[in-house]
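What the coordinates show
Below, each chain spelled out in residue letters.
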Amino acid sequence: MNIVLMGYMGSGKSLIGKKLAIEKKLDYLDLDDYIENQEKKSIKNIFKDRGEIYFRKKESFYLSEVLSGHSDTIISLGGGTPCFAGNLEIIKEKENTRSVYLHASLEELTKRLFKERAKRPLIAHLNTEDALKDFIRKHVFERSFYYNQADYKITTDLKNADQITEEIISLLF
């Protein structure tokens, strides 16, 4: 079985995905890293050089490729992946795939992302916590329709990575 982790940036998809893969001795794949390797350039440069439409088409292509070509893999998606190009349907139609939405509150996402915003091009320009909170609020509102269609939803606030990993294990294994 493949397990797909979805959620907004900063929700812990990569951290939890790696821990879960180690714990259950499964492969781990970060879709953004996979895209960068296949395209031979960073996501930031793909957006800059080719635009978002090109990126979203490639993201959908590579998501299908990964889900068809891998089994027993933990897959961390980009924050927007389930919201574009029918990607959620691609995930849901795979019988050997379960999806988990890692839900973090607006306050928790703001706290996590404000500290690391310089490393995230999408939010690097936001200089105050209030501006960041407004940005996150808008995006989470737009994306929650998709995120909430995951097979499982785990609230991550007030939990450490080990607790979240154990919660996923108890649900899926």
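These notes cover the structure that comes with them. Everything numeric in this text was worked out from a predicted model, so none of it was measured.

1. Description of the overall build of the chain
Looking only at helices and strands, one finds 8 helices and 5 strands in the chain. In terms of C-alpha radius of gyration, the chain reaches 15 Å, essentially the compact-globule figure of 16 Å for 173 residues. In terms of principal-axis extent, the alpha carbons of the chain reach across some 40 × 40 × 25 Å. For the chain, with 173 residues in total, the buried portion stands at 47%. By sequence separation, contacts in the chain at least 24 residues apart represent 74% of the contacts at least 6 residues apart.

2. Regarding the nonpolar core
Grouped burial of nonpolar side chains is what soluble globular proteins tend to show. Among the nonpolar cores identified, the biggest contains 36 residues, and Met6, Tyr8, Leu77 and Ile136 are the most heavily contacted of them. The set of elements that each furnish at least two residues to this core consists of β1 (2-6), α2 (31-39), α3 (43-50), α4 (52-69), α5 (87-93), α6 (106-116) and α7 (129-147). Excluding anything up to four places from it in sequence, tyrosine 8 contacts Lys13, Leu109, Leu113, Phe135, Ile136, His139, Val140, Arg143 and Tyr147. Grouped together as the second largest cluster of nonpolar side chains are 15 residues, Leu5, Ile164, Ile168 and Ile169 included.

3. Observations concerning the layout of surface pockets
Each pocket or cavity is described by its volume, and for the largest pocket that value is around 1,000 Å³. Together, 37 residues line the largest pocket, and Met9, Asp32, Ile43, Gly79 and Arg120 are the ones closest to its centre. Among the secondary structure elements, those contributing two or more residues to the lining of the largest pocket are α1 (13-24), α2, α3, α4, α6 and α7. Class assignment of the residues belonging to the lining of the largest pocket gives a composition of 10 nonpolar, 11 polar and 16 charged.

4. Here's the deal with empty space enclosed by the protein
Applying the stated criterion across every chain yields a total of 1 cavity of 30 Å³ or more. Volume-wise, the largest cavity comes out at about 30 Å³. Taken together, Gly7, Tyr8, Ser11, Tyr101, Leu102, Ala104, Leu109, Val140 and Tyr147 make up the lining of the largest cavity. Of all elements in the fold, only β4 (97-103) and α7 reach the threshold of two or more residues within the lining of the largest cavity.

5. Thoughts on the pattern of salt bridges
Under the defined criterion, the tally for this structure stands at 12 salt bridges. Glutamate 108 is the salt-bridge partner of arginine 112, the closest N and O atoms lying 3.0 Å from each other. Residue arginine 112 and its partner glutamate 108 are located together in helix α6, separated by 4 residues, close to a single helical turn. For the pair formed by arginine 112 and glutamate 108, the shared burial category is buried. Where lysine 138 meets glutamate 142, a salt bridge forms, and the shortest distance between an N and an O atom there is 2.7 Å. You can see lysine 138 and its partner glutamate 142 sitting in helix α7, 4 residues apart, about one turn around the helix. Residue classification places glutamate 142 among the partly exposed residues on the basis of a relative accessible area of 39%. Here the salt bridges share partners, and the residues they tie into one network are Glu52, Arg56 and Glu59.

6. A look at unusual backbone geometry
You will see that lysine 40, though not glycine, has its phi angle at about 60°, which is positive. Of note, lysine 40 is situated in the loop between α2 and α3. The exposed category is assigned to lysine 40, whose relative accessible area is 70%. The phi dihedral of alanine 85 is positive, around 55°, even though this residue is not glycine. In this fold, alanine 85 is placed in the loop between β3 (73-76) and α5. By relative accessible area, which is 52% here, alanine 85 ends up exposed.

What counts and how
- Residues numbered from 1 in each chain as written.
- Predicted model: local features only at pLDDT ≥ 70, side-chain atom pairs only at ≥ 80, totals over all residues.
- Heavy atoms only, no water.
- Helix = DSSP H or I, 4+ residues; strand = E, 2+ residues; numbered from the N terminus.
- Rg over C-alpha atoms; globule rule 2.2 N^0.38 Å.
- Buried < 20%, exposed > 50% of the residue type's maximum accessible area, 1.4 Å probe, protein only.
- Contact = heavy atoms within 4.5 Å.
- Core = buried A, V, L, I, M, F, W, Y, C linked by side-chain atoms within 4.5 Å.
- 1 Å grid on protein atoms, 1.4 Å probe; cavity = no way out; pocket = protein on both sides within 12 Å on 5 of 7 lines; lining within 4 Å.
- Points joined across faces, edges and corners; volume = space filled by probe spheres on them.
- Nonpolar A, V, L, I, M, F, W, Y, C, P; charged D, E, K, R; others polar.
- Salt bridge = Lys/Arg side-chain N within 4 Å of Asp/Glu carboxyl O.

It is worth stressing that arrangement in space is one thing and function is another; only the former is reported here.
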